Amino acid sequence: MPDVLLLALLLAAVAIGWWLGRRERRGTSATGTSPTLARDYFVGLNYLLNDQQDRAIETFIGALEVNSDTIETHIALGNLFRSRGEADRAVKVHQNLLARPTLSGDQGDRVQLELSRDFLHLGLLDRAERLLQGLVKDAQNDELRRSAKRLLVDLLEREGEWQAALDVALPSLVRQDEDIRRAAAHWLCELADQERHSASPVLARRHLKQALSTDGRCVRANLLLADMALDTGQYRQAIRLLSRIPEQDKAFVPTMLEPLSHAYRLLDDETGLIQHLESLLEKTPYTSVIILLAETLRRHHGDANAALELVARQLNREPSLGAVDYLMRLYRQDTATQDERIDLLQHHTGTLLKALPRHRCRRCGFSGEQLHWQCPRCRSWGTTKPITGIEGE
C-alpha cells in the first residue's frame with residue numbers, strides 16, 4: 001500500500017508541475033493565481049519528501065485545479081483514499097468532481113463509476129445501485145458499461161438477489177466472462193434450491209437444466225437433480241445423474257458418494273454398487289472411494305479379507321493417511337486379541353485426520369470441514385473442492 005500511495009502522490013506532483021509549466025508558457029502568471037499554485041506545489045513536495053503523506057495529499061488536492069487535463073489525477077487521488085480504507089474521503093473527492101460543469105459525458109460516467117465503488121465500500125448499497133443502474137442504462141462507453149454491470153452484479157449477488165443478478169449478467173457478461181458464467185449457474189442453483197423447498201419442483205428442475213446449459217461443468221446442478229430424483233423414488237435416474245459428475249469434475253467424486261450409495265441401498269443392489277465403485281476407483285483412486293468399496297465388500301462377503309486386500313493394494317498405488325487409518329481399524333476388527341500398538345497408532349492417525357480440513361478453495365486457499373459452493377473468503381463460486389493427496393483424498 002505505501003508504494004501505491006507514493007505513486008499516486010508522485011502522479012499528483014507531476015500533474016501539478018506540468019500544469020504550472022503550461023500556465024507559465026501561456027503567460028498566466030500575471031493573473032496572480034500562479035504564485036499561489038506554485039507555493040502549494042512546493043509545500044506539497046516538502047510534505048512528500050518528509051514522509052508526511054496525508055498532508056501532502058491534502059495540499060495537492062487543494063492545489064490541483066479541476067479541468068479536463070487534471071481529471072484523471074483527481075480520480076486517482078480519490079481511489080487512493082478508498083484503497084486506504086478512507087472511502088468517506090473518496091466520496092468527497094468524487095462528488096466534488098461531479099459538481100464541476102466542465103466534465104464531459106464520459107468523464108462524468110467515469111466519476112460516477114468510482115463513486116459507486118466508494119458507496120459499496122461504505123455499505124451504502126442503495127446509493128451504489130442507483131448510480132450503477134443509471135450507468136448500465138445510459139453510459140455511452142461500452143467498456144465503462146461492462147464495468148458498471150460487473151459491479152452491479154456483484155452488489156446484487158451480495159444481497160442474494162439471484163434473479164436480478166441474472167437479468168443484468170445475461171447474455172453478454174455470461175458469454176464473455178468465465179467466472180460470471182460459473183457464478184450464474186450457481187445463482188440458478190440457488191433459485192432451484194429455494195423453489196425445491198417451497199414445493200415448486202417443476203420450476204426447480206427448469207432452473208437446474210438452465211444452470212447446466214449455462215455451465216456444463218456445474219456439478220452442483222446434477223447433485224440437486226439427483227437429490228430430487230431420490231425424493232421422488234427415481235433411484236436409477238439419480239444414479240445416472242450422479243454418474244455424470246466424474247466427467248464434469250472428478251475432484252467432486254467424494255461429494256457424490258453418499259447419495260450414490262443411498263440410491264443403490266434403496267434399490268437393494270449391493271452388487272451394482274460394488275461394480276460402480278470399482279469403475280470409479282480405476283479413474284479416481286480417492287480415499288473415500290476406497291473406504292466405501294472396502295466397507296461394501298466386507299458387508300457383502302461377511303468378512304474383512306477382501307476389504308483388507310483392497311486397501312493394502314490401493315495404499316501401494318496411492319498412499320493416504322485416511323486409508324492407513326481405515327486399514328488399522330480393519331486389523332483391529334479382524335484380530336481376536338487387542339494390540340496396544342495398533343490402538344496407539346490409530347489414536348494418532350484419527351487425531352491427525354480430525355485436525356485436517358476436508359475442502360480447500362483452489363483460488364484463495366481458504367480451507368475447512370464444510371463444502372462451500374461460494375468461498376467465504378474470496379467469494380468465488382465452485383472453486384472449493386475436496387482436498388486430495390496423502391492428507392486428503
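Criteria and thresholds
- Residue numbers run consecutively from 1 along every chain, following the written order of its sequence.
- Note on the predicted model: pLDDT of at least 70 is required for a residue's local features to be given, and 80 or more for side-chain atom pairs to be given and counted; whole-chain, interface and lining totals, by contrast, use all residues.
- Excluding hydrogens and water, the side-chain values take into account all heavy atoms of the structure.
- UniProt positions are given in the numbering used here, feature names are shortened, and annotations may be inferred rather than shown by experiment.
- Secondary structure elements follow DSSP: runs of H or I no shorter than four residues count as helices, runs of E no shorter than two count as strands, and numbering proceeds from the N terminus.
- Relative accessible area decides the class of each residue, using a 1.4 Å probe on protein chains only: under 20% of the type maximum gives buried, over 50% gives exposed, and in between gives partly exposed.
- Values of accessible area rely on a 1.4 Å probe in the Shrake-Rupley scheme; residue burial ignores everything except the protein chains shown.
- Here, strands pair whenever DSSP counts at least two bridges between them.
- Two rings from Phe, Tyr or Trp (for Trp, the six-membered ring) form a pair when their centres are within 6.5 Å of each other. A pair whose planes differ by under 30 degrees is stacked, one over 60 is edge-to-face, and the rest are tilted.
- For helices, the axis comes from a line fit to the C-alpha atoms of the stretch in contact; other axes are also lines fit to C-alpha atoms, and the angle between any two N-to-C directions lies between 0 and 180 degrees.
- Roughly parallel refers to an angle under 35 degrees, roughly antiparallel to one over 145, roughly perpendicular to one between 65 and 115, and oblique to any angle outside these ranges.
- The hand of a helix crossing depends on one turn: near helix anticlockwise from the far one by less than a right angle means left-handed, and clockwise means right-handed.
- Note on contacts: a residue pair qualifies if any of its non-hydrogen atoms lie within 4.5 Å across the two residues.
- Helix span is expected to be 1.5 Å times the residue number reduced by one.
- One side-chain nitrogen of Lys or Arg within 4 Å of one carboxyl oxygen of Asp or Glu is enough to make a salt bridge.

Under an unreviewed UniProt entry, the name given to the protein chain is Lipopolysaccharide assembly protein B, and the source organism is Halomonas caseinilytica. One UniProt comment on the protein chain, placed under Sequence similarities (unreviewed entry), says "Belongs to the LapB family." Word for word, the UniProt comment on the protein chain under Subcellular location (unreviewed entry) is "Cell inner membrane".

(A) Spotlight on the overall build of the protein chain. Each helix and strand in the protein chain was counted, giving 21 helices and three strands. A total of 393 residues make up the protein chain; the buried ones form 47% of that total. About 20,300 Å² of surface is accessible on the protein chain, with carbon and sulfur atoms providing 49% of the total.

(B) A look at unusual backbone geometry. Looking along the chain, the bond that leaves Leu170 and enters Pro171 is cis, with omega of -10°. With respect to the helices, strands and loops of the structure, Pro171 is situated in the loop between α9 (162–169) and α10 (172–176). Phi at Asp268 is positive, roughly 55°, even though this residue is not glycine. With respect to the helices, strands and loops of the structure, Asp268 is situated in the loop between α16 (253–266) and α17 (270–283).

(C) Region of interest: the sheet that holds strand β2 (residues 367–368). Sheet architecture is open: three strands sit in the order β2-β1-β3, paired in antiparallel fashion. At either margin of the open sheet sits one strand with a lone partner, and together these are β2 and β3 (384–386). Bridge count for strand β1 (residues 359–361) against β3 is three bridges, and the pairing is antiparallel. Bridged to His359 within β3 is Pro386.

(D) Region of interest: the packing of aromatic side chains. A complete count under the given rule lists two aromatic pairs for this structure. Ring centres of Trp162 and Trp381 lie 5.9 Å apart, and the angle between their planes is 80°; this geometry places the pair in the edge-to-face category. Of this pair, Trp162 sits in helix α9 while Trp381 is found in the loop between β2 and β3, placing the two residues 219 residues apart along the sequence. For the pair Trp162 and Trp381, a shared accessibility class is recorded, and that class is buried.

(E) Representation of the packing of helix α4 (residues 71–83) against helix α5 (residues 87–98). The N-to-C vectors of α4 and α5 enclose an angle of 160°; their axes lie 7 Å apart at closest approach. Put simply, α4 runs roughly antiparallel to α5. Crossing angle aside, the handedness with which α4 passes α5 is left-handed. Contacts between α4 and α5 involve Ile71, His74, Ile75, Gly78, Asn79, Phe81 and Arg82 on the former and, on the latter, Ala87, Arg89, Ala90, Val93, His94 and Leu97.

(F) Spatial organisation of the UniProt feature "binding site: Fe cation" (unreviewed entry) in the protein chain. Summarizing the sequence annotation, UniProt attributes the feature "binding site: Fe cation" (unreviewed entry) to Cys361, Cys364, Cys375 and Cys378 in the numbering used throughout. Over a stretch of 18 residues, the named residues converge on one spot in the fold, their C-alpha atoms separated by at most 8.7 Å. With respect to the element layout, Cys361 can be found in strand β1. With relative accessibility at 2%, the residue Cys361 sits in the buried group. Tracing the backbone shows Cys378 in the loop between β2 and β3. In this structure Cys378 comes out as partly exposed when scored by relative accessible area, which is 28%. When near neighbours in sequence (up to four residues on either side) are disregarded, Cys378 contacts Cys361, Arg363 and Cys364.

(G) Here's a closer look at the packing of α16 against helix α18 (residues 287–301). Contact geometry of α16 with α18 gives a least axis separation of 9 Å together with a crossing angle of 25°. With respect to α18, the element α16 is oriented roughly parallel. Of the residues in α18, those touching α16 at Val253, Pro254, Leu257 and Ser261 are Ser288, Val289 and Leu292.

(H) Spatial organisation of α5. For α5, spanning twelve residues, the distance from its first C-alpha to its last is 16 Å, which sits close to the expected 16 Å at 1.5 Å a residue. Looking at α5, one finds that the buried residues are Ala87, Arg89, Ala90, Val91, Val93, His94 and Leu97.

(I) Structural view of the pattern of salt bridges. If you walk through the whole model with that rule in mind, you get 21 salt bridges. Close ionic contact of Glu309 with Arg313 constitutes a salt bridge, the shortest N to O distance being 3.7 Å. Taken together, the positions of Glu309 and Arg313, both in helix α19 (residues 305–317) and four residues apart, correspond to about one turn of that helix. By relative accessible area, Glu309 is classed as exposed at 53%. Residue Arg313 is classed as partly exposed on the basis of its relative accessible area of 44%.

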